[in-house]
Amino acid sequence: MSKFFFFFILTALLASCNKSKINEGESASEGSGNKVLVSLDQKSCVTPWGETLMSGETRKAFKQNKTANCATTCESVSSELVCQDGVLAGADTYLYNSCEKPKCDCKVDFLAEPVTLKHGDYIKVFSKNIVECGVCSDHEVQRQCVDGVLTGEATATHQSCTAKACQDCPISATEVLKHGASKDFFKTTTGLNCDPAKKCESSNVKLSRTCTNGVLTGDSSFNKLTCANQLCSCTLQNATYSSGSPVTYYKKSTVSCTDNFYCEDASNKVTTSCQDGVIANLTSPAYSTCNQAPCRCTYKDANGVESIIDDGKSLTVYTSPSVNCGVPCDSIKGTVTCNKGVLTGNTNYPSKSCTPASCGCKFGTQMIDDGKTIDVYSNAQPACGSTCAAAKGTVTCTKGVLSGNTTYTASSCKEQTCDCSYTNIDNQIVNIANGVSATVYSAKYASCGLTCDAIKSTVTCNNTVLSGQTSYKSSSCQPSSCYCTAPWGGAYTAMDAPNHLNYPTTFYKQNMSVCGQLKCNLIPNNTVKYYCKKDGTSAIWVDANGATVDPKLGEYKSSNCFDPTCNCQAKVGTATYSIMQSTTKYLYKTSSVACGQICDSGDNYIAMKCNDDLSITVSPSTANMSTFTGTNTTCAVAACPPGDPTSTPGVSGGTGDGQTGDGGGTGGGTGDGDGPGIGFKGRGGGGGSGGPSVSVLIKGTEKTAPKTACELPWGGRITNGSSAVAFKVTAAPAGKKCSEYRVYRMCFSGTLTGDATAVHLDCQETP
């Protein structure tokens, strides 16, 4: 349970108790003027920075809000403040609730000319001052000063760096290996592929070497730039075959007519290859040659192509490889037969095959079967207006011979549409059907004061030829408005007379008033109204009398006039305070007063109001600003102790009326409900449980304690319940209005509400 909640429970119990006593007749009757005090046993305290502490609460405080130097810690100027029954010991010395220790700078003394580096700043140095090969940026270090300590690489102490160029490596009369590049070198220019240890790719022969600043790394015996592997050859019965070449061997070296196979049969002849010293698929026995007994026969055609005919077999042959249309191949067919190596029969027939001739016809790229007829055309695309039917004919194929319209060259036909087209003003193609007319315009937009009909015409399509107003290239049109341009660049739509008189534009002579002088709305002749009027095909500015004016040549050239918020400078004692125009700043000699007293009384306070003309009004009128010694901006009234005769109990329950404080409760509701009492007053409780409402009677008269005011971010203060205009920025971006960044901030019980980022008194707009 919080102390604050406990406080209200105890207060409620006390109120209930006192109310009970009144009901029992222990207090004076209503209207007697006698009041009974209701309060707590112990008093609260107010810290120098305005925070209220309950008795027994502690807060850490500091003598200074910033230490004198970076070597002094905030702990050395701190203390624990304890509230003991309204007394905050040490509050006159320990005035701040926070403390900041300045960050230490760094002395950089390893440079030729030592420098002092501010906390948070960086310095660029190098870990080397000479780089034999490479770039200085590889050794560049950014070192930062962090509260007196220079971070980063400790060896980076050089202010400058010089880099020398890296040397390349010449590896031949014409070739150079760049620094950092690598290349394969060989021990020999020739490798032996069939020996793995001697191949060019083996580690015994090849080594990658790198150029490092003019020097090649690795074994210097690897100094050949190229190496080519030699493949191993193959040997079979004193026959040598190079690697990759085909190898033919036979399983039997001599074949007779009784062996039931021949030398060239697949069962005896094997075709393979030499693969780097190894004959693939080699079986034993194997012979490089085979002697064949004359059992087979060889037939050679007219092209010299031989055919092997087994003993006893026959082969069909022909007197010609082809025959004319309608002649069968069987009419020129014969045979040859092999008998123990002797070829007999039609040995003089020179062809092993016969192809019958085609009886079809070729029309262009199209083949027409014998006896067929197709449509043909004299033109694939007749002239505009002509039809394909007029260009049509036929051709017929008869035994390879074409007849009919053989001079016609097209096998298909497509008639033209005869439409027209043109490229419009937007670079788009617009099509117009043959015989159709289309509306066109000389421009997309009619000038000020003109209608689209004034720039309209037509074009007509006739067999691909476009006639009419062909120079008009827009297929659409929109009327344009007339505009007047103001000196500040704004465009205003012109109106026909007399409608233009309903739309005046205000011009200003000054765009800003001057602090201490008249505000914009009070400056004589600061504004004038002009009207944008349509005048035929143009737009003009006119005054109220209809006379033509040119704002650019006159005095009225601004679109607005802005009243800046100004400050008064008030000197109180030896201190100077900045007070915002039309606001009041309060100073108090004491930060709190005892029960029954008033902060704004006597010589305890001074109120300084900054007037519109930047003069200062001081109250009370007897106050002397030069001798006033108060510096407190807030003042609180201490709670009255229980039984104090100057306090009376409030009436519990109901709704607080905001004036008497009666009806205050712990519940929520509307209204402020601060009564005139200085003690714990009822807070606007709509339907609350009925907390106490305490007023203070001083010499028979009730006094109203002042509500807590709020300090403004730019200086000065506003009273409780009032508001001030603030801005999020001091200058609006180009094209933006200051009103977009304007915020109303309201003072509520000492707290300035609203957007906390709005901390600026005024805002300027970019012209």
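Report on the accompanying structure. Owing to the predicted nature of the structure, the values given are computational and were not obtained by experimental measurement. (Residues numbered from 1 in each chain as written. Predicted model: local features only at pLDDT ≥ 70, side-chain atom pairs only at ≥ 80, totals over all residues. Heavy atoms only, no water.)

## Quick notes on the packing of aromatic side chains
In step 1: What the rule picks out here adds up to five aromatic pairs.
In step 2: Geometrically, the ring pair formed by Trp488 and Phe507 is tilted, given 4.9 Å between the ring centres and 55 degrees between the ring planes. A residue pair is termed long-range when its members are at least 10 positions apart, and Trp488 in the loop between strand 46 (483–485) and strand 47 (491–493) and Phe507 in strand 48 (residues 504–508) qualify at 19 residues.
In step 3: Of the residues examined, Trp488 reaches a relative accessible area of 28% and is grouped as partly exposed.
In step 4: Three or more aromatic residues joined by ring pairs form one cluster here, namely Trp488, Tyr492, Phe507, Tyr530 and Trp541.
In step 5: Taking NZ or CZ as reference, Arg209 lies 5.5 Å from the ring centre of Phe185, over its face. (Phe/Tyr/Trp six-rings, centres within 6.5 Å; stacked < 30°, edge-to-face > 60°. Helix = DSSP H or I, 4+ residues; strand = E, 2+ residues; numbered from the N terminus. Buried < 20%, exposed > 50% of the residue type's maximum accessible area, 1.4 Å probe, protein only. Lys NZ or Arg CZ within 6 Å of the ring centre and 35° of its normal.)

## Here we look at the environment of Asp426
In step 1: With respect to the secondary-structure elements, Asp426 resides in the loop between strand 39 (420–423) and strand 40 (429–432).
In step 2: In this structure the C-alpha to C-alpha distance between Asp426 and Ser475, which are 49 residues apart in sequence, comes to 9.4 Å.

## Observations concerning the pairing of strand 10 (residues 140–146)
In step 1: Judged from the five bridges that link them, strand 8 (residues 122–126) and strand 10 form a sheet pairing that is antiparallel. Paired with Lys124 across the strands is Gln142, a residue of strand 10. (Pairing = 2+ DSSP bridges.)

## What to know about unusual backbone geometry
In step 1: Here the amide bond leading from Ser284 into Pro285 is cis, since omega sits at 0 degrees, within 30 degrees of zero.
In step 2: Residue Pro620 follows Ser619 across a cis peptide bond; omega there is -5 degrees.
In step 3: Note that Pro620 resides in the loop between strand 57 (616–619) and strand 58 (636–637).
In step 4: If you check the backbone angles, Lys399 has positive phi at about 50 degrees while not being a glycine.
In step 5: Following the sequence through the fold, Lys399 ends up in the loop between strand 37 (392–398) and strand 38 (401–404).
In step 6: Positive phi, close to 70 degrees, is recorded for Ser582, a residue that is not glycine.
In step 7: Counting through the fold element by element, Ser582 comes out in the loop between strand 53 (575–580) and strand 54 (584–588).

## Points about the pattern of salt bridges
In step 1: In this structure the tally under the stated criterion is 25 salt bridges.
In step 2: For Asp310, the salt bridge identified is with Arg296, shortest N-O distance 2.9 Å. In this pair, Asp310 is assigned in the loop between strand 28 (306–309) and strand 29 (314–318) and Arg296 in the loop between strand 26 (291–292) and strand 27 (297–300), connecting sequence segments 14 residues apart.
In step 3: Taking the relative accessible area as the measure of exposure, Asp310 reaches 31% and is therefore partly exposed.
In step 4: Note that Glu765 and Lys737 form a salt bridge whose closest N and O atoms lie 3.9 Å from each other. Of the two residues, Glu765 is situated in strand 68 (residues 764–765) and Lys737 in the loop between strand 65 (731–732) and strand 66 (742–748); the sequence distance between them amounts to 28 residues.
In step 5: Connected through shared salt-bridge partners, Glu51, Glu57 and Arg59 make up one network. (Salt bridge = Lys/Arg side-chain N within 4 Å of Asp/Glu carboxyl O.)

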